[in-house]
Amino acid sequence: MKHLFIFIFLSTNCFAQQKPNIIYIMSDDHDADAISVYNQQFIKTPNIDRIAKEGIKFNKAFVGNSICAPSRATLLTGQHSHKNGVIDNRTRFDSSKTTIAHLLHDAGYQTSIIGKWHLHSYPSGFDYWRVLPGMGQYFDTRMITMNGDTIIEKGYSAEAITTDAINWLNNRDKSKPFAFFFHHKAPHRNFIPALKYLEEYHTKIFPEPATLYVDTTGRGSAWRIQTMSILLDMRLCGDLKVDPEYLKEIPELKPSVEDLATYNAIMKRYPDEERKRFKEIYAERGKIIRDKKPHGKELLKYKYQWYMQDYLACIASIDESVGVILDYLDKNDLTNNTVVIYTSDQGFYLGENGWFDKRFAYDVSMSTPLLIKWPEHIKEGAMTDEMVQNIDFAPTILDIAGAKIPDWMHGVSLKPLLTENKKTLDRKYLYYHYYEYVRDHTVIPHLAVRGEKYKLIYFYTVNEWELYDLEADPGEQNNLIKNPAYTKTIAGLKEELINLRNKYDDHETAGELH
Ligand code: CA
């Protein structure tokens, strides 16, 4: 009898141990083109690539509202913005809502979140949390701890929060499986890299996207009024850290008081022993401006390269951090029973249409990288072209954890695509709703429906529609809405958009669609 009891105890305990651990790593504004397993032209990211090589790469992963806070609220709830309440970066997330953290906790998981939170309220449902206030800082960032204190973590943020992550993994309750959400600040604007990577990247020259110099006049209102142009809206000293000393004699480039304040604030944050070298590198940019006085296309050419140098150097730190986490799993015999997910809160313009930032339902910003590894469950080097969306992340994680997916979640579990050799989902269209206007970047609110071949977008405050053939025109340059050959296609897509809007019950804005 005694032996039987021990046997039952051990088996139950072993069974509990076998639930997979889950590490969800999300960076901020990390476009898939800046991951080498998606695009070899810009950066080598061997550690992030390892997740794809040992697991699955999603080629068509999308978000439902391409900005920071809404994506984070969607991760927590599996819901589109209008239901989870976070429609823009200024809305506070109601932490009394049930989230994936509560549900995982109830399923026997130890839950934690470290890094960017950006939802104004404090996290709830997590057994452990330590988050950046707002966007945090790149150097010596403030962090809010669970007792509400604000502390300063010395050093570069990606490294500091990686140390926090390892500390938590070491000190966690090892009797339970864990679900750990690890959210980087980088590579969000202002793009401030670690010096070692800026040294590596500031001399590199990157290929220009085909649409870097595209003329947006004659396009719809949304294209004409947006303020996310690298040439016009990316600030030389505020964003690209060009030493203002070199700009002051060029009237059209004279920094504003605000730009000077931003520049000075950035300089102040660099570590004392590194500041001189940072300034030298950014002075080189200033000398080019002073000596060549570039304007128009030539100025854009320089700004694009400087933007990419800083942005990609930030990502080098993310890749290093992912390597530290994967090494930890290897060394602690956790690799085989841990699901690792890598994604971003959305895609990001790297010069396409001459833009930076995100927001639009166009594929560059609506898409997001998504890589998942789960040894012995997901085939190594797998790949899928099935359309998935960030509303699916919470249901997928719950399904992996063996927890019930609540029916109020909008997304579906992707587990069948991961482990059951299933190639497609039943869903044929994705829904998109962007709200935030005027600030930041003056992107007109819109609804969209994305299918495999076509995308229909409705900028409802100006009553303008756009239709793109994603197969013939993946860069979404040729609006077909007035082309009579597409009348039937447009009518069909409008119906799909109305169906999705009804399905998700999103009726408070945008008015009637006709
Ligand atoms: Ca973001």
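Draft legend 1. View of the coordination of the calcium ion. Bound to the calcium ion on the protein side are D28 (OD), D29 (OD), C68 (SG), D345 (OD), D345 (OD) and Q346 (OE1), at distances that span 2.1 to 2.8 Å. Bound by 6 donor atoms, the calcium ion shows angles of 51 to 155° at the metal and therefore irregular coordination geometry. Of note, the donors binding the calcium ion are all from one chain and are spaced D-D-x38-C-x276-D-Q. Exposure class is identical for D345 and Q346. Each is buried.

Draft legend 2. Expanded view of the nonpolar core. Membership of the largest hydrophobic core comes to 77 residues, with the highest contact counts inside it found for F180, I289, Y307, Y311, L312 and Y342. Viewed by domain, this core spans two of them, domain 1 (20-191 + 315-424) and domain 2 (195-308), each represented by three or more residues. Contact partners of Y307, with chain neighbours within four places excluded, come to F191, I230, M234, L240, F348, Y349, L350, G351 and F356. Of all hydrophobic cores here, the second largest spans 46 residues; its members include Y24, A107, W117 and A401.

Draft legend 3. Main features of helix α2 (residues 46-53). Those residues of α2 not exposed but buried are I48, D49, I51 and A52. Buried residues along α2 cover an arc of 145° about the axis, so they all sit on one side. Along α2, the residues that are exposed and aim more than 90 degrees away from the buried face are P46 and K53.

Draft legend 4. Summary view of empty space enclosed by the protein. For the coordinates displayed, the defined rule picks out 3 cavities of 30 Å³ or more. Its volume calculated, the largest cavity comes out at about 50 Å³. Taken together, Y24, I341, L370, I372, F393, T396, I397 and L414 form the lining of the largest cavity. For the lining of the largest cavity, the secondary structure elements donating two or more residues are β10 (370-373) and α14 (393-400). In terms of residue count, α14 provides more of the lining of the largest cavity than any other element does, 3 residues in total. Its residues assigned to classes, the lining of the largest cavity shows 7 nonpolar, 1 polar and no charged.

Draft legend 5. Main features of the packing of helix α11 (residues 272-292) against helix α12 (residues 297-331). Where α11 meets α12, the closest approach of the two axes is 12 Å, and the angle between their N-to-C directions is 175°. Relative to α12, the element α11 lies roughly antiparallel. Residues Y282, R285, I288, I289 and K292 of α11 form the contact with α12, whose own contacting residues are E298, L299, Y302, W306, Q309 and D310. For the contact of α11 with α12, the residue count by class is 6 nonpolar, 1 polar and 4 charged.

Draft legend 6. Here's a closer look at a nonpolar patch on the surface. A surface patch of nonpolar side chains, about 260 Å² in accessible area, is lined by I225, Y437 and V438. With respect to the element layout, V438 can be found in the loop between β13 (430-434) and β14 (446-450).

Draft legend 7. Structural context of the sheet that holds strand β16 (residues 464-469). Taken in spatial order, the 4 strands line up as β13-β14-β15-β16 in an open sheet, and their pairing is antiparallel. Each edge of the open sheet is held by one strand with a lone partner, namely β13 and β16. Taken over all neighbouring pairs, the strand axes of this sheet differ in orientation by 15° on average, direction set aside. Across 6 bridges, the pairing between strand β15 (residues 454-459) and β16 is antiparallel. The partner of Y454 across the bridge, within β16, is D469. Sheet strands in contact with helix α16 (residues 487-504) are β13, β14, β15 and β16, and its direction is about 110° off that of β14.

Draft legend 8. The arrangement of unusual backbone geometry in detail. Here the bond from A186 into P187 is cis, since omega is 0°, no more than 30 degrees from zero. Mapped onto the secondary structure, P187 falls in the loop between β8 (178-183) and α7 (195-201). Of note, the amide linkage connecting Y437 to V438 takes the cis form, showing an omega dihedral of 5°. For H120, which is not glycine, the phi torsion reads 70° and is therefore positive. Inspection of the secondary structure assignment puts H120 in the loop between β4 (110-115) and β5 (128-131). Here D357, not a glycine, exhibits a phi torsion of approximately 70°, which is positive.

Definitions and limits used
- Once a new chain begins, its residue numbering starts again from 1 and follows that chain's sequence as written.
- In keeping with the model being predicted, local features are shown solely for residues with a pLDDT of at least 70 and side-chain atom pairs are shown and tallied solely at 80 or more, while totals for entire chains, interfaces and linings include all residues.
- Hydrogens are left out, water is left out, and the side-chain values use all remaining heavy atoms of the structure.
- Atoms of type N, O and S within 2.8 Å of a metal are treated as its donors, and for Na, K and Ca the window is 3.2 Å; water is not considered, so some sites may appear to be missing partners.
- By the criteria applied here, four donors are tetrahedral when all angles lie between 85 and 135 degrees, four are square planar and six octahedral when opposite donors are over 155 degrees apart and every other angle lies between 65 and 115, and any other arrangement is irregular.
- Only protein chains enter the calculation, and the probe is 1.4 Å; a residue is then buried if its accessible area is under 20% of its type maximum, exposed if over 50%, and partly exposed in between.
- We define a nonpolar core as any set of buried Ala, Val, Leu, Ile, Met, Phe, Trp, Tyr and Cys residues linked to one another through side-chain atoms lying within 4.5 Å.
- A domain assignment, automatic or from a database, supplies the domain bounds used here.
- Contacts are assigned to residue pairs with any non-hydrogen atoms lying within 4.5 Å of each other.
- Elements are defined by DSSP. Helices are runs of H or I of four residues or more, strands are runs of E of two residues or more, and each kind is numbered from the N terminus.
- Our arc is simply the arc of the directions from the helix axis toward the C-beta atoms.
- Of the grid points, spaced at 1 Å and generated over the protein atoms alone, those admitting a 1.4 Å probe that cannot get out make up cavities, while open sets with protein on both sides within 12 Å along at least five of seven lines make up pockets; any residue with an atom within 4 Å of a point is treated as lining.
- Grid points are joined across faces, edges and corners, and a volume is the space filled by probe spheres set on the points.
- Residues are grouped as follows: nonpolar covers Ala, Val, Leu, Ile, Met, Phe, Trp, Tyr, Cys and Pro; charged covers Asp, Glu, Lys and Arg; every other residue, Gly included, is treated as polar.
- Between N-to-C directions, angles span 0 to 180 degrees; the directions come from axes that are lines fitted to C-alpha atoms, helices contributing only their stretch in contact.
- Under this scheme an angle from 65 to 115 degrees is roughly perpendicular, one under 35 degrees roughly parallel, and one over 145 degrees roughly antiparallel; angles in between are oblique.
- Exposure above 30% relative accessible area and the lack of any salt bridge qualify a residue for a patch; like charges then connect within 9 Å, and the nonpolar side chains Val, Leu, Ile, Met, Phe, Trp and Tyr within 5 Å.
- Every accessible area reported is derived by Shrake-Rupley at a probe size of 1.4 Å, with residue values counting cover from the shown protein chains alone.
- Salt bridge, as used here: a side-chain nitrogen of Lys or Arg that lies within 4 Å of a carboxyl oxygen of Asp or Glu.
- When DSSP finds two or more bridges between a pair of strands, those strands are recorded as paired.

Purely geometric numbers; function is a separate question.
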